[in-house]
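The chain contents come next:
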Amino acid sequence: MQKKLSKSAYGGVSGEKYVPYVNQGDKKVGNLAILIMGSILAIIFAASTAYSGMKAGLTVAAGIPGSIIGSGLVGAFAKSKGILGKNIMQGMSSGGESIASGMIYVLPAIILIGGHINFIQGVIVGVLAILFSMGTASLVHNYLMVEEHGKLVYPEAMAISETLVASDTGGDSLKYMGVGFGIGGIITMLTSSVFGVVNNMISYVGSSFYKWKLDVEVNPLLAGIGFIVGLEVSLTMFAGAILSNFAIVPLIGYFTDMAGNSAHVWNNTSLAVNQMAVNDLSSSYVKYIGAGMMLCGGLIGAIKLIPTIVTSIKKTLAAKNVAGEEKNTLGMIAIVVGGVGIFVIGIIIAQNFLMGIVGALLAAILSLLFVIVSARVAGTIGCSNLPVSGMTIASLVIMTVVFVLFGWTDNNHTQILLMFGTFVVTAVAVGGGYMQSQKVTYVIGGSKSEMMKYFMIAGIVGVIVTVGTISILSPQFVTDSATPAFGLPQANLIATLTSGIMTGKLPWIMIIVGVVMALAFYFLDLPIMTVAIGFYLPISTTSIILIGALIKVFIEKATRDEAIKNNRVQSGISLSSGLIAGGSIIGLIGIILHVTGVLKDRVITGFANTNAMGIILLVVMVVSITVPLMMIHKGGATEDGTTESGD
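Everything numeric here is computed off the predicted structure, so don't read it as measured data.

Conventions we followed
- Residues numbered from 1 in each chain as written.
- Predicted model: local features only at pLDDT ≥ 70, side-chain atom pairs only at ≥ 80, totals over all residues.
- Heavy atoms only, no water.
- Helix = DSSP H or I, 4+ residues; strand = E, 2+ residues; numbered from the N terminus.
- Expected span 1.5 Å × (residues − 1).
- Buried < 20%, exposed > 50% of the residue type's maximum accessible area, 1.4 Å probe, protein only.
- Polar contact = N/O pair within 3.5 Å; in protein donor to acceptor, adjacent residues only side chain to side chain.
- Salt bridge = Lys/Arg side-chain N within 4 Å of Asp/Glu carboxyl O.
- pLDDT = per-residue confidence, 0-100.
- Contact = heavy atoms within 4.5 Å.

Novice: Would you explain helix α13 (residues 353–381) in this entry?
Specialist: Since the α-helix advances by 3.6 residues per turn, residues separated by three or four positions end up pointing in the same direction. Over its 29 residues, α13 runs 41 Å from end to end, which matches the ideal 42 Å to within 8%, given 1.5 Å per residue. The buried fraction of α13 amounts to 22 of the 29 residues, a majority that puts the element mostly inside the structure. Capping the start of α13, asparagine 352 holds a side-chain oxygen 3.1 Å from the backbone nitrogen of leucine 354, two or three residues further along. Glycine 382 lies just past α13 and shows a positive phi near 85°.

Below you can see the structure in the form of structure tokens.
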């Protein structure tokens, strides 16, 4: 067994030739202790994600926190299971969290439009979505894991892998991860996520002649992701953000300024279009262009993978019990049960045979497409920034249009539509989280069939917990208060979107423009989804990801010695893993403390709330990341045991 995660884990060799961290012995290590501890983590992450996500619209991917907490639990109660047992724990943590990260976008919208959530139906729909999603993802497992090894980075999966290896081996990997965890944790504690001491948002807005916006969120988690994914992906995403904030927003603003006072925003009759600020332009119009781009990009990406899916099915059906080869029996059973099940429950929910069949068919097709897209996008930017809401919006637009064409437009039909939408959003969220966990399993060397089984169990636990949490809290969702207990930003958007299409009120031109732009990118051979993600996400997110990538570029350019450069970059990846771990764990704890009332929201005032303070914090973060890496002067051991150095 290797002493550290090899450089080939990040690429440089074909997937068939990659040697995992654990490459000998029995890869299946699950037992009752692992199952119980993993289920507890799934419950904790599902409940906290559902609660905090509905409260503040924020969720944190659980893979890294789960790997760290799971490592401690395995070390204390199941030490003999080692790193492979820890891997199952991180997978089960993600299984619980990914359910909540999806369901809270759509299921509460049923309450917001005056409906009622049936607990049993909600659980059944969620479980079927898990089965269908994991079965679909299993069809492209070999393509995404083996054929695309080194091309798809899976940044958070690699951070999780580094976390597991660091807990297993100690040494420099653990040292630099600890440094990163400290930097990420301290900076996150200073911000509004926890104690609210300083402003971490640098914001410049042009609101007169040329309406534009440039934000930078000083977020160590995002900077760590940028360092791992590198310059090419980061620049492509930032290009999408530039297009959105410095071209489309000013263009729409130019024309809306000419409108009379009688023209109002499509979804806010109290706001005249000529009074829209930059944020209004973005949220009411530009985001729908981004949704159209992702709709088109998702469809193109999925269609291009159809040959791979067909080949995967053929290979799976023809697979024999070859030594060392794992058959995808559970995956095939899962996709069949999930696919058939949604038709059965769809007819029961709709109480109308045709509506049930049409709704289930749409849900199955869209889930099939977007699960594959989700699994692939997770390989580009990780699960923390997975645009689940964008793919859900695109799916619901299509489903709602079909319902309207059939004449199913009353409130009861909208509730039925949202149940099918819950199937789609849960499947999409699970697709990214599951494939990320399988990437860790591939890198570490565990059993993919065992990961599938335990992730599935955790997902089912997560569905029960999430639907239960939503049901218990639902009486607090609808309120006239200016400060509601639960903001439900995504669910409110979904409720507005579906109701808008049903009533004929939606900026269709924006969605069509997004589709056309995506087609142009496709003809130019540009990565549609990466550009669309940058276009859709706040520029504050893409800008700090780019800064993280630029730190990596600086270290590479400033180091002449190749051996030292490699050591600094590898240590930088470990440090970035720590940044992601520190930012996510402390951020998650902060959100829980805020939403439970232990910490009160604090208004930052004075100099601490200025852009200057944000810039100082950014400089401190960049220096804190760069200096420890530039202090490395060893390039690895020579044959006589000495170390090479020099710069």
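Novice: Is there a simple way to explain the pattern of salt bridges in this structure?
Specialist: Should the charged atoms of two oppositely charged side chains come close, the side chains can pair. As enumerated under the stated definition, the model contains four salt bridges in all. Between arginine 376 and glutamate 148 there is a salt bridge, and its shortest N-O distance comes to 3.1 Å. One end of the pair, arginine 376, is in helix α13; the other, glutamate 148, is in the loop between α5 (141–147) and α6 (155–169), and 228 residues separate them in sequence. With a relative accessible area of 30%, arginine 376 lands in the partly exposed category. Lysine 565 serves as the salt-bridge partner of glutamate 562, at 3.8 Å between the closest nitrogen and oxygen. Residue glutamate 562 and its partner lysine 565 are located together in helix α21 (residues 562–595), separated by three residues, close to a single helical turn.

Novice: Can you help me understand unusual backbone geometry in this one?
Specialist: In most cases, non-glycine residues show a negative phi, while peptide bonds are predominantly trans. A positive phi is found at glutamine 351, a non-glycine position, where the angle reads about 55°. Locating glutamine 351 in the fold gives a position in the loop between α12 (329–350) and α13. On the basis of relative accessibility, which here comes to 69%, the residue glutamine 351 falls in the exposed class. One non-glycine residue, aspartate 525, lies in the positive phi region at around 65°. Among the structural elements, aspartate 525 can be located in the loop between α18 (508–523) and α19 (528–536).

Novice: Hey, could you run me through helix α20 (residues 539–558) in this one?
Specialist: The end-to-end C-alpha distance of α20, which contains 20 residues, comes to 28 Å, matching closely the 28 Å that a straight helix rising 1.5 Å per residue would cover. With 14 of 20 residues buried, α20 lies mostly within the body of the structure.

Novice: Is there a simple way to think about the confidence of the model for the protein in this case?
Specialist: Interpretation of the predicted coordinates at a detailed level should be avoided for regions scoring low in pLDDT. For the protein, per-residue confidence averages 86 on the pLDDT scale, and residues scoring 70 or more make up 92% of the total. Taking the mean pLDDT of every element in the protein, the minimum, 65, falls on helix α11 (residues 306–318) and the maximum, 97, on helix α22 (residues 611–630). Predicted confidence for residues 636–647 stays below pLDDT 50, and this span has 21 contacts to residues more than four positions away or in other chains.

Novice: Explain the environment of leucine 417 here, please?
Specialist: Position of leucine 417 among the secondary structure elements: in helix α15 (residues 411–444). Taking the C-alpha atoms as reference, leucine 417 lies 9.5 Å from methionine 355; in sequence the two are 62 residues apart. Once residues within four sequence positions are removed from consideration, leucine 417 is found in contact with Leu396, Met399, Thr400, Phe403, Thr498 and Met502.

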